Amino acid sequence: SSGTDRELRAPICCILGHVDAGKTKLLDCIRHSNVQGGEAGGITQQIGATYLPAENIRERTSLKAEATIKVPGLLVIDTPGHQSFSNMHLRGSSLCDVAVVVVDITQGLEKQTIESIGLLKRRNVKFVVALNKVDRLYGWKTCPNAPIVKALKSQSDDVQREFKWRVAEVVTQLKDCGFNSALYYENKKIKEVVNIVPTSAVSGEGIPDLLLLLVRWVPEIMMEKLTYVDTVECTVLEINEVKEFGTTIDVVLINGALKKGDQIIVCTKQGPVTTSIRHLLTPYPLKELRAKQGSYERHEELKAAQGVKIVARGVQHALAGTSLIVVKPGHDLEQAEAAAMQEIYNAISLSNENERGKNEDETAIKEISRIQTCKEGVYVQASSLGTLEAIIEHLKTLSLNVPVSGCNLGPVHKQDVMKATAMLKRKEEYAAILAFDVKVMPEAFELAVESGVKIFIADTVYKLVDIFTDYIKKLKE
Ligand code: GDP
Ligand code: MG
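This one's a predicted model, so the numbers in the text were calculated from it and none came from an experiment.

Here's the deal with the site of ligand 1
In the region of ligand 1, 16 residues are neighbours, and G22, K23, T24, K25 and A201 sit closest. Broken down by element, the residue count for the shell around ligand 1 peaks at three residues, all from helix α1 (residues 23-31). Class assignment for the residues of the shell around ligand 1 results in five nonpolar, five polar and six charged.

Take a look at the structure:
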């Protein structure tokens with residue numbers, strides 16, 4: 001199908017790259033278009049994002065009038081490298097449809113750039129490379145906001161030569177990261193080969209190209225994903241206090257629509273919180289902002305894709321990067337909460353995975369020593385600090401209130417079982433190891449069988465806690 005009769009939503013775009021590559025400057029450049037007067041061709045400031053209507057992008061480019069743009073616009077996430085992006089959950093949706101990786105042409109790929117590309121590769125997020133700061137090439141003649149091919153034609157042979165070898169260098173570096181790439185205007189395989197767009201965030205060369213590429217290329221490669229559907233897909237960006245409303249959640253509504261009064265579930269470390277939307281807010285357009293200072297426009301309903309502020313009770317601990325779930329009338333609330341819960345664990349363990357550096361073990365040990373333990377209690381072992389904390393929290397909140405005597409990260413070794421055997425004399429029911437997502441070493445297993453320490457293993461935190469509480473209940477019967 002040609003897809004012409006589908007309703008498409010705006011693609012959501014994140015900007016990533018090494019510090020000083022020009023992420024912030026590029027965003028500024030995108031926001032303050034050179035379109036004269038009024039409100040810069042309908043660009044609107046949203047919650048955590050900037051919305052560029054397709055018409056604005058068309059005005060900024062030399063695109064022929066008859067050429068079509070299939071999406072209504074582009075939603076650019078405002079905070080480059082926002083934690084919600086690195087936190088975005090494992091399953092299902094991710095916050096961004098596409099990423100712009102900013103590379104300083106005079107520096108090539110740097111450490112954080114390579115990390116960003118690795119992250120995008122693992123999450124299977126498509127990206128383009130903005131090869132920024134072309135105006136820094138020695139002898140560059142400025143052509144403000146010009147399409148890049150035109151700007152390049154006005155340059156001296158020397159500049160063109162330097163440009164060529166610097167591009168070749170970046171192509172080689174991208175190859176080392178596992179990606180074939182080419183200048184976008186020479187790229188014949190736009191679905192497989194990464195597009196490179198030379199830009200200057202200072203004088204604007206190539207910016208029209210970048211925007212146009214995004215609104216035209218993205219629907220080519222992900223028509224299905226950009227098709228508007230009623231099912232809500234929504235990611236939490238952050239929690240904010242707003243004077244007149246109290247606690248609000250800033251979200252990116254990726255698909256579907258939110259309505260005032262909708263029952264929603266947000267994820268917190270303590271578990272899912274079910275509440276309802278009291279207000280749906282967006283900032284007033286720039287023009288009106290002065291008249292209605294500090295205030296937001298209220299809506300009955302808002303459709304994807306856009307940045308939205310939600311006012312709701314009990315949301316102050318919602319975790320950035322997790323999904324906001326809408327419970328439709330007649331849906332199973334318990335099931336929805338369980339799904340939310342599972343996502344919390346994914347989000348927590350994922351954020352830990354991202355934060356891990358060289359001193360990973362040291363910090364983990366410090367953190368573990370901070371976890372409060374009792375003299376009598378079970379032993380908990382998990383693959384990440386986040387999941388470990390989650391299990392411990394969960395055990396505490398149960399009606400049984402299971403205390404924890406010790407915990408550890410990584411595979412279950414003999415020493416762990418040794419520690420757990422201490423409970424055999426003190427409180428036998430707690431002579432147990434709750435192991436989540438970790439291996440149990442053979443010697444550890446042997447010792448457990450010999451000594452009578454029970455090892456419980458499960459692949460979800462919920463299950464693990466469930467089988468253990470069942471065990472305790474049976475013992476008490
Ligand atoms: P970020 O750390 O990636 O957000 O980088 P910034 O946007 O803060 O830019 C870092 C520095 O590079 C600032 O001094 C910018 O003015 C400068 N800069 C960014 N883009 C360009 C560009 O295209 N050309 C030139 N000449 N300077 C740039
Ligand atoms: Mg910055």
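Focus: helix α6 (residues 157-176)
With 20 residues, α6 ought to run about 28 Å at 1.5 Å a step, and its terminal C-alpha atoms sit 29 Å apart, in line with that. With two of 20 residues buried, α6 lies mostly on the surface of the structure. Following α6 by one or two positions, G178 has its phi on the positive side, about 95°.

Let's talk about unusual backbone geometry
Residue A305 is reached from A304 by a cis peptide bond, and omega for that bond is -5°. Structurally, A305 is set in the loop between β16 (301-303) and β17 (306-311). Not every positive phi belongs to a glycine, and K133 is a case in point at roughly 70°. The topology assignment puts K133 in the loop between β6 (126-132) and α5 (148-153).

A closer look at the nonpolar core
Among the nonpolar cores identified, the biggest contains 95 residues, and C13, L74, A99, V197, L211 and V251 are the most heavily contacted of them. With eight residues, the top contributor of residues to this core is helix α7 (residues 207-221). Among residues more than four places away in sequence, those in contact with V197 are V128, V129, A130, L131, I148, Y184, G206, D209, L210 and L213.

So, the confidence of the model for the protein chain
Should the pLDDT be low somewhere, the predicted coordinates at that spot are not to be read in detail. With 84% of its residues at a pLDDT of at least 70, the protein chain reaches an overall mean of 84. This model gives residues 83-93 a pLDDT under 50, and the stretch forms 33 contacts once residues within four places in sequence are excluded. Between residues 350-362, whose pLDDT stays under 50, and residues either more than four places distant or in other chains, the model counts 10 contacts. For this predicted complex, the interface confidence reaches an ipTM of 0.99, while the overall pTM sits at 0.72.

Section: the sheet that holds strand β14 (residues 279-283)
The strand order β9-β10-β17-β14-β15 describes an open sheet built from five strands, whose pairing is antiparallel. Strands with a single pairing partner mark the edges of an open sheet, and in this sheet they are β9 (233-242) and β15 (296-299). Averaged over all adjacent pairs, the angle separating strand axes in this sheet is 35°, with direction ignored. Relative to β17, β14 runs antiparallel, the two sharing three bridges. Bridging from a neighbouring strand, H279 pairs with V311 of β17.

Considerations on the sheet that holds strand β19 (residues 378-382)
On the basis of which strands lie adjacent, the open sheet formed by four strands has the order β20-β19-β21-β22 and parallel pairing. Pairing within the sheet leaves two strands with one partner each, and these edge strands are β20 (404-409) and β22 (454-458). Here the strands of the sheet are splayed against their neighbours by 20° on average, with no regard to which way each runs. Inspection of the sheet shows β19 paired to strand β21 (residues 432-436) by four bridges, in the parallel sense. Along β21, the bridge assignment pairs Q381 with A435. Across the sheet, helix α14 (residues 461-476) touches β21 and β22, and the angle it forms with β22 is around 145°.

Comments concerning the environment of L280
Relative to the helices and strands, L280 is located in strand β14. A sequence separation of 30 residues divides L280 from I310, and the C-alpha atoms of the two residues are 5.0 Å apart. Among all residues touching L280, those that are not within four sequence positions of it are L258, K260, R298, H299, L302, V308 and I310.

With respect to the packing of helix α11 (residues 385-397) against α14
In contact at an axis separation of 10 Å, α11 and α14 are set at 40° when each is read in the N-to-C sense. The orientation of α11 relative to α14 falls into the category oblique. For the element pair α11 and α14, the recorded crossing hand is right-handed. Residues T387, A390, I391, H394 and L395 of α11 lie in contact with α14, whose contacting residues are V461, L464 and V465. Counted by class, the contact of α11 with α14 contains six nonpolar, two polar and no charged residues.

Re the pairing of strand β4 (residues 73-77)
For β4, the buried fraction is high: five of the five residues fall into the buried class. Residue alternation in β4 divides its side chains into two sets, G73, L75 and I77 and L74 and V76, and both sets are buried. Examined bridge by bridge, strand β1 (residues 12-17) and β4 share two bridges and lie parallel to one another. For C13, the partnering residue across the bridge sits in β4 and is V76.

Rules of the game
The residue numbering used here restarts from 1 in each chain and proceeds along that chain's sequence as written. Going through the entries in the order they are written, you letter the chains from A and number the ligands from 1. Only residues with pLDDT of at least 70 get local features here, since the model is predicted, and only at 80 or more are side-chain atom pairs given and counted; chain-wide, interface and lining totals rely on the full set of residues. For each residue, a C-beta atom is positioned from the backbone; the residue is called near a molecule or strand if that atom sits within 6 Å of it. Helix and strand labels come from DSSP, where a helix needs a run of H or I of at least four residues and a strand needs a run of E of at least two; each type is numbered from the N terminus. Any residue that is not Ala, Val, Leu, Ile, Met, Phe, Trp, Tyr, Cys, Pro, Asp, Glu, Lys or Arg is counted as polar, Gly included; the first ten are nonpolar and the last four charged. To estimate the expected span of a helix, count its residues, drop one, and scale the result by 1.5 Å. Any residue surrounded by 20 or more other C-beta atoms within 10 Å of its C-beta is treated as buried, while 12 or fewer makes it exposed and the intermediate range makes it partly exposed; C-beta atoms here are placed from the backbone. Residues of type Ala, Val, Leu, Ile, Met, Phe, Trp, Tyr and Cys that are buried and joined through C-beta atoms within 7 Å form what is called a nonpolar core. For the purpose of contact definition, each residue receives a C-beta atom placed from its backbone, and two residues are in contact when these atoms lie within 7 Å. pLDDT measures the predictor's confidence residue by residue and takes values from 0 up to 100. Pairing between strands is defined by DSSP: at least two bridges between them are needed. The angle between two axes is taken between their N-to-C directions and runs from 0 to 180 degrees, where each axis is a line fitted to C-alpha atoms and a helix contributes only its stretch in contact. Small angles under 35 degrees read as roughly parallel and large ones over 145 as roughly antiparallel, with 65 to 115 read as roughly perpendicular and the rest as oblique. Crossings are sorted by hand: turned counterclockwise from the far helix by less than a right angle, the near helix makes the crossing left-handed, and turned clockwise it makes it right-handed.

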